[in-house]
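# Breakdown of the fold
Residues per chain, in single letters:
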Amino acid sequence: MARETVFALRRQIAKIEGTLPERLADPGAEAIVLRGNGRVLGTADRAVTGVPSLDEALGGGLPKAALTEIHGRQIRDAASATGFVLALAGLLMGQPSAKQPMPLLWVGTGSMFAEAGFPYMHGISSLFGIAPQSMLFAEAPQPVDALWIAEEAAALKMLAAVILELPGNPRHLDLTATRRLHRRAAEAGRPVFLLRHSAEIESTAAPLRFVVTPAPAGMRRFLGRPLAGSIGPPAFTVDLHKNRLAPPARFILEWNAHERSFEQRTAEFQDGTQDPVALAPLSQRGTDMAATAGARMAFDLFRFTAAGRQS
């Protein structure tokens, strides 16, 4: 009764201060999160992102047993949104609590893979530390088929995570469907990432929603100083659009592929990352460059000698 009274008082204080009341902390103890269903989650149920401000906003880290929604505003942002999802999956799969590597299931439609490109395993392995033998892919003909595969897979405990990649706003991806995904993820204790491209934001059961767009890369640092003319690690502009534990916030994150961790950039354009080159509009009238390029020759990669001896 005393604990409930303290929580009720803190809720009233939070309303006066304009903050959300769900994030509570006991004196002398680490922070806990009180969900709407009364379940208390600790730090063991979350994966630390490595960014203190982001982890604080998430209540200790990314939830491991929940549905997380990631939005790319346009199809051309698919690389950034997908890279952010793979970085989160790599963090979860690289946790010390993971005794043996479990496979990651990636579900998508054939049209989505054709539009955004099929995953390249060499790049995924080198950038995010996810081994090729730990990746499973399911290519469905329609969004309703991909959703059915994801729902069935979300209940399996032998999977490390499930990624459901869909474009637009499919009719079958409604509030009821996302509730099933979230409930099955909570019961299995595994995360489900809903990766959406060029979709209007609508009501879902996901506790978290990230809106990801590409950010200009900074300069690579050498001996503690920026190296002029260099290109640094990939960067993301991450808007925490929906969060039950904190107000909306924006983060500029860089992914360190060597340390397998995020690093926060203090300014959006740091170390001269703003591109000074003007963008030229596409020609509305004129000849087709591809048609006037003339004959082209295809080179066989295996006819070349070692890379060190090439001109």
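So, here is what we can say about the structure in this document.

Cut-offs applied
- Residues numbered from 1 in each chain as written.
- Predicted model: local features only at pLDDT ≥ 70, side-chain atom pairs only at ≥ 80, totals over all residues.
- Heavy atoms only, no water.
- Phe/Tyr/Trp six-rings, centres within 6.5 Å; stacked < 30°, edge-to-face > 60°.
- Helix = DSSP H or I, 4+ residues; strand = E, 2+ residues; numbered from the N terminus.
- Buried < 20%, exposed > 50% of the residue type's maximum accessible area, 1.4 Å probe, protein only.
- Pairing = 2+ DSSP bridges.
- Core = buried A, V, L, I, M, F, W, Y, C linked by side-chain atoms within 4.5 Å.
- Contact = heavy atoms within 4.5 Å.
- Axes fitted to C-alpha atoms, helices over the stretch in contact; angles between N-to-C directions.
- Parallel < 35°, antiparallel > 145°, perpendicular 65-115°, else oblique.
- Left-handed = near helix turned anticlockwise from the far one by under 90°.
- Nonpolar A, V, L, I, M, F, W, Y, C, P; charged D, E, K, R; others polar.

### Focus on the packing of aromatic side chains
Applying the stated rule across the entire model yields 9 aromatic pairs. With 5.7 Å between their ring centres and 45° between their planes, Phe 84 and Phe 262 make a pair best called tilted. With a gap of 178 residues between them, Phe 84 in helix 3 (residues 78-93) and Phe 262 in strand 16 (residues 261-264) connect regions that are remote in the sequence. The same class applies to Phe 84 as to Phe 262, namely buried. Ring geometry for Phe 118 versus Phe 137: centroids 5.1 Å apart, planes at 45°, classification tilted.

### Here we look at unusual backbone geometry
The phi dihedral of Ser 198 falls on the positive side, at around 50°, and the residue is not glycine. Relative to the helices and strands, Ser 198 is located in the loop between strand 10 (192-197) and strand 11 (208-215). Residues other than glycine seldom take positive phi values, yet Arg 260 does so here, at roughly 55°. Checked against the element boundaries, Arg 260 lands in the loop between strand 15 (249-256) and strand 16. With a relative accessible area of 31%, Arg 260 lands in the partly exposed category.

### Quick look at the pairing of strand 16
Sheet topology places strand 15 next to strand 16; 4 bridges connect them, and they run antiparallel. Considered in strand 16, the bridge of Trp 255 is made with Phe 262. The turn joining strand 15 and strand 16, which pair antiparallel and follow one another in sequence, is formed by 4 residues; a positive phi near 55° is taken by Arg 260.

### Some details on the nonpolar core
Counting 40 residues, the largest nonpolar core has Ile 70, Phe 84, Phe 193, Phe 210 and Phe 262 as its most contacted members. Counting residues per element, this core draws most heavily on helix 3, at 9 residues. For Phe 193, the residues in contact, after removing those within four places along its chain, are Leu 62, Thr 68, Ile 70, Val 85, Leu 88, Ala 89, Leu 92, Ala 161, Val 162, Ile 163 and Leu 164. Core analysis: the next-biggest nonpolar cluster, separate from the first, contains 21 residues, Leu 67, Leu 105, Leu 173 and Ala 177 among them.

### A short note on the packing of helix 6 (residues 143-154) against helix 7 (residues 175-188)
Running from N to C, helix 6 and helix 7 point in directions that differ by 25°, and their axes come no closer than 8 Å. With respect to their mutual orientation, helix 6 and helix 7 come out roughly parallel. Viewed along their axes, helix 6 and helix 7 form a crossing whose handedness is left-handed. Between helix 6 and helix 7, the contacting residues are Leu 147, Ala 150, Glu 151, Glu 152 and Ala 154 on the first element and Ala 177, Arg 180, Leu 181, Arg 184, Ala 185 and Ala 188 on the second. For the contact of helix 6 with helix 7, the class distribution of residues is 7 nonpolar, no polar and 4 charged.

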